[in-house]
Structure formats: C-alpha cells, structure tokens
Amino acid sequence: MSKIAIMGAMPEEVEPIVAKLDNLQTMTYGANTYYEGVYHGQEVVVAYSKIGKVFATLTATMLIEKFGCDTLLFSGVAGAISDELKIGDLIIADGLCQHDLDITAFGHPYGFVPEGEVCIPTDVNLRKIAKEVAASKGLTLREGVIATGDQFVANAERKDWIGSEFKADALEMEGASVAVVCSALEVPFFILRAISDSADMDASFNFDEFLESSAKISADFILSMVDAIHSK
Ligand code: 4EZ
C-alpha cells in the first residue's frame, strides 16, 4: 500500500493532522519527530521540519528516503502577494521558485542555477484531486506560483518585487525545497497554503493572530485530500 507523507514547517501546521491519526507511533530522527499513523485506513507519516529551506530539505528527504513515502503533501500558511488572496484563503502551487537564489552577477535570471529550473511544477494529478475536493466542499482554491525564500517578508516593496519577478501569488519559506527534493527523487508532491498575512508591514502582527486558524483550514483540506487519494 502507498504511504503518504504530510509535511508542515511549524508545530501549529501539523498538530491538527497528528490529532486525527490512529495507531500513532512517533520516531525521532535527525532532530525531527516523525508521526507514523493511519488516517481512515491510509498509512501516513507526518512531520514538521522547522522553518526555512534547509530544514525543509532535510525533512522532505527523510520522509521519502527513510520512511518510504511515495507521495508528499505539504500543509501550511503563507503570505499573500495577490490582492485577491485574503486571510484564510487557500492556494495550491502549480509551481515553486526560490526568490532568494541569486547568481544574476553571471547573467542568470533570479531563482536560477545551472542544471536547475526557476520554477518547479507540482504533480498535475494531485492538483486535479485538490480541485475535485474543493468542488465537493464548495471551497474556492486559487492556483498559482508560490515563491520560497529564507526570509519572513514583511515589506510591501520586497513582496511586489517577488510578485513581478516570479509572477507569484503567495510566498513562504519551505515549498521550493520540497519541490527540489521531490522532483529530483521523482515523488509526486503537492503544496497547499492558507493565507495568514499579506507580507506587508502588518505581516508579523497578522501572522501571530491568524497562524492557528489558517493552519487548521489548510490541515482540514489536506485530510480530505488523503481521503480522496485513498479512495482512488
Ligand atoms: C514560512 N511561514 C512563516 C514562518 C514564520 C515566525 C516565527 C509561512 C509564512 C511566511 N513566510 C506566512 N507568512 C509569511 C511571510 N510573510 N513571509 C514568509 O513558510 C515564523
């Protein structure tokens, strides 16, 4: 049977998922706790990586190489770039880029290094399942580019630059790491985020207020996706 990895960056992003697992077993490895369990008959492994690209790379790699997961779903919160995205809204990534990757001094575009790609696409089939789940729940899902970097963006100028350079609709700090790992290891992956703030001067204040509620919106949707994947 398949084993689905469910990853977040912060405890608040995975707790609503861990709370719903049966046969829960925990394992600590490489300074992360991994929660192995069953959701409605589907085997899953859940973990939060800690914040940022490096930690996220480690955890995504472990979930695949050590725990044998064959699909990876990310659940969490993000800052909005698009004006159409409000706090609590859901966005799925069609592709992910690294907004802080810069070897432009050599004539390369932002986000590009040799043998890499600026924007890594997510699995089309998982996106399709997400749209079916959203339709069945009467929820609106936005689909767009999510930009990742090792910065909590709380600055309208920086946010607008990321939006125009990468055509990105939202930003966060882990998604592109998961994309790099999963595409290299050929594991289908999916990145979902619920908006917690607008990456502007109110971002840290809004983030603190809405982290928990937005993380829960994302987590609930991910669990419905596990049901949908399991029943296919
Ligand atoms: C990172 N995550 C934020 C972690 C913040 C504070 C203790 C998502 C996120 C984000 N990332 C929400 N809003 C953001 C923003 N404005 N900039 C970057 O994935 C930890």
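Each remark here, short or long, concerns the structure printed above.
Residues numbered from 1 in each chain as written. Predicted model: local features only at pLDDT ≥ 70, side-chain atom pairs only at ≥ 80, totals over all residues. Heavy atoms only, no water.

S.K.: I'm lost on the pairing of strand S10 (residues 189-197) in this one. Help?
M.R.: The side chains of a regular strand alternate, first on one face of the sheet and then on the other. Most of S10 is tucked away: nine of the nine residues are buried. As paired strands, strand S5 (residues 71-80) and S10 are joined by eight bridges and run parallel to one another. Following the sheet pairing, Leu73 is matched in S10 by Phe190. Where strand S6 (residues 90-98) lies against S10, three bridges are found, and the strand directions are antiparallel. Note on S10: the bridge partner recorded for Ile92 is Leu192. (Buried < 20%, exposed > 50% of the residue type's maximum accessible area, 1.4 Å probe, protein only. Helix = DSSP H or I, 4+ residues; strand = E, 2+ residues; numbered from the N terminus. Pairing = 2+ DSSP bridges.)

S.K.: Explanation requested: the layout of surface pockets in the structure shown.
M.R.: Empty space left among the atoms is revealed by rolling a probe the size of a water molecule over them. The volume enclosed by the largest pocket comes to roughly 220 Å³. Taken together, 18 residues form the lining of the largest pocket, with Val77, Phe152, Glu172, Met173 and Phe207 sitting closest to its centre. Listing elements by their share of the lining of the largest pocket, those giving two or more residues are S5, strand S9 (168-172) and S10. Tallied by class, the residues present in the lining of the largest pocket amount to 10 nonpolar, three polar and five charged. When its volume is computed, the second largest pocket comes out at roughly 160 Å³. Contributing to the lining of the second largest pocket are 14 residues, with Gln98, Gly116, Glu117, Ile120 and Val180 lying nearest its centre. Elements supplying a minimum of two residues to the lining of the second largest pocket: S6 and helix H5 (175-184). Split into classes, the residues belonging to the lining of the second largest pocket amount to eight nonpolar, four polar and two charged. (1 Å grid on protein atoms, 1.4 Å probe; cavity = no way out; pocket = protein on both sides within 12 Å on 5 of 7 lines; lining within 4 Å. Points joined across faces, edges and corners; volume = space filled by probe spheres on them. Nonpolar A, V, L, I, M, F, W, Y, C, P; charged D, E, K, R; others polar.)

S.K.: For this particular structure, what's the right way to read the packing of aromatic side chains?
M.R.: Centre-to-centre distance and the angle between the planes together describe a pair of aromatic rings. Evaluated as defined, the whole model comprises four aromatic pairs. When the centroid spacing of 4.7 Å and the interplanar angle of 85 degrees are considered together, the rings of Tyr110 and Trp161 count as edge-to-face. Of the two residues, Tyr110 sits in the loop between S6 and strand S7 (120-121) while Trp161 sits in helix H4 (residues 156-166), which places them 51 residues apart along the sequence. Judged by relative accessible area, Tyr110 falls into the partly exposed class, the value being 28%. Judged by relative accessible area, which is 25%, Trp161 ranks as partly exposed. Ring pairs connect the aromatic residues Tyr110, Trp161 and Phe166, which therefore count as one cluster. The ring of Phe55 carries Lys50 above its face, with NZ or CZ at 4.8 Å from the centroid. Over the ring of Tyr29 we find Lys66, and its NZ or CZ is 4.0 Å from the ring centre. (Phe/Tyr/Trp six-rings, centres within 6.5 Å; stacked < 30°, edge-to-face > 60°. Lys NZ or Arg CZ within 6 Å of the ring centre and 35° of its normal.)

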